[in-house]
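Inside the fold
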Amino acid sequence: MKEPTKNIPRALFLSILAVVCLYIVMNVSILGVIPWQEMTGAGAANGKLYVVSTMMQRVYGQGAAMVITVLVMWTAFASVFSLTLGYSRVPYAAALDGNYFRAFARVHPVHRIPYVSVLALAAVAALFCFLRLPT
């Protein structure tokens, strides 16, 4: 990469800007179908927790709601997977510098990923799955 000191901050800024635009459009679209008064007190009923699915059900029917629910779940799992892979580089880099456990500096012989770090982070994430969401 040429000029990473310029390209990386620019990419971060542009991606944040794109996400902000997507969220604004998404929220305006949802509010066009579901009144905000209906969404207040979302913790009172489980049905209010699935806003996008509810919106799709009202606009396109039950089948579309099922499809969008599966897509949201797929995206959530994919983001957890990609974050685990990304965050695994932190203990890996620290281990390479000698500032962390040496086992975390190991890379998989075929796939060249820091597999010890990935497995450790995945185990910690799995443990946190047993906690309640507010915790």
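Notes on the structure in this doc start here. (Residues numbered from 1 in each chain as written. Predicted model: local features only at pLDDT ≥ 70, side-chain atom pairs only at ≥ 80, totals over all residues. Heavy atoms only, no water.)

**Topic: the packing of aromatic side chains**
Ring pairs (aromatic) are described by centroid distance and by the angle formed between their planes. Quick note on the threshold: For Phe, Tyr and Trp, rings pair up if their centres lie within 6.5 Å, where Trp contributes its six-membered ring, and each pair is then called stacked (planes under 30 degrees apart), edge-to-face (over 60) or tilted (otherwise). For every residue, the accessible area (1.4 Å probe, protein chains only) is compared with the maximum for its type, and the residue is labelled buried under 20%, exposed over 50%, or partly exposed between those bounds.
On inspection of all chains with the given rule, the structure shows three aromatic pairs. Ring geometry for tyrosine 100 versus phenylalanine 104: centroids 5.0 Å apart, planes at 55°, classification tilted. You can call phenylalanine 104 buried: its relative accessible area is 14%. Taking the centre distance of 6.2 Å and the plane angle of 35° together, the rings of phenylalanine 101 and phenylalanine 104 count as tilted.

**A closer look at helix α4 (residues 62–87)**
So the rule is basically this: Here a helix means four or more residues in a row that DSSP labels H or I, a strand means two or more in a row labelled E, and each is numbered from the N terminus. To estimate the expected span of a helix, subtract one from its residue number and multiply by 1.5 Å. The contact criterion used throughout is that any non-hydrogen atoms of two residues lie within 4.5 Å.
Its 26 residues give α4 an end-to-end C-alpha distance of 37 Å, which sits within 8% of 38 Å, the value for a rise of 1.5 Å per residue. What α4 keeps buried is the set Ala65, Ile68 and Thr84. Taken together, the buried residues of α4 touch α3 (51–60) and α6 (115–128).

**Considering the packing of α3 against α4**
For any two helices packed against each other, the geometry comes down to the angle between their axes and how far apart the axes lie. Keep this limit in mind: In this analysis, axes come from line fits to C-alpha atoms, helices being fitted only over the stretch in contact, and the angle between any two N-to-C directions falls in the range 0 to 180 degrees. Roughly parallel covers angles under 35 degrees, roughly antiparallel covers those over 145, roughly perpendicular covers 65 to 115, and oblique covers all other angles. Whether a crossing is left-handed or right-handed is set by the direction in which the near helix is turned from the far one by less than a right angle, anticlockwise for left-handed and clockwise for right-handed. Three classes are used: nonpolar for Ala, Val, Leu, Ile, Met, Phe, Trp, Tyr, Cys and Pro, charged for Asp, Glu, Lys and Arg, and polar for all others, with Gly counted as polar.
The N-to-C vectors of α3 and α4 enclose an angle of 150°; their axes lie 7 Å apart at closest approach. Judged by the inter-axis angle, α3 sits roughly antiparallel to α4. In this structure, α3 meets α4 at a crossing whose hand is right-handed. Contacts between α3 and α4 involve Val52, Ser53, Met56, Gln57 and Tyr60 from the first element and Gln62, Ala64, Ala65, Ile68 and Thr69 from the second. For the contact of α3 with α4, a count of residues per class yields six nonpolar, four polar and no charged.

**Some details on the pattern of salt bridges**
Applicable threshold: Salt bridge criterion: a side-chain nitrogen from Lys or Arg within 4 Å of a carboxyl oxygen from Asp or Glu.
Following the criterion strictly, the structure yields one salt bridge and no others. Among the ionic pairs, glutamate 3 bridges to lysine 6, the shortest N-O distance being 3.3 Å. Under the relative-accessibility criterion, lysine 6 is labelled partly exposed at 48%.

**Quick notes on the side chain of serine 88**
Cut-off, in case you're wondering: Between N or O atoms, a polar contact is any pair within 3.5 Å; within protein, one atom must be a potential hydrogen donor and the other a potential acceptor, and residues adjacent in sequence are included only when both atoms are from side chains.
Tracing the chain through its elements places serine 88 in the loop between α4 and α5 (89–96). A polar atom in the side chain of serine 88 sits 2.6 Å from the backbone oxygen of leucine 85. Apart from the residues lying within four places of it in its own chain, the contact partners of serine 88 are Pro114, Ser117, Val118 and Leu121.

**Focus: α6**
Taking 1.5 Å per residue as the helical rise, α6 with its 14 residues ought to reach 20 Å, and the 20 Å between its terminal C-alpha atoms agrees with that figure. Listed in full, the buried residues belonging to α6 are Val116, Ser117 and Val118. Looking at the buried positions of α6, the neighbouring elements they touch are α4 and α5.

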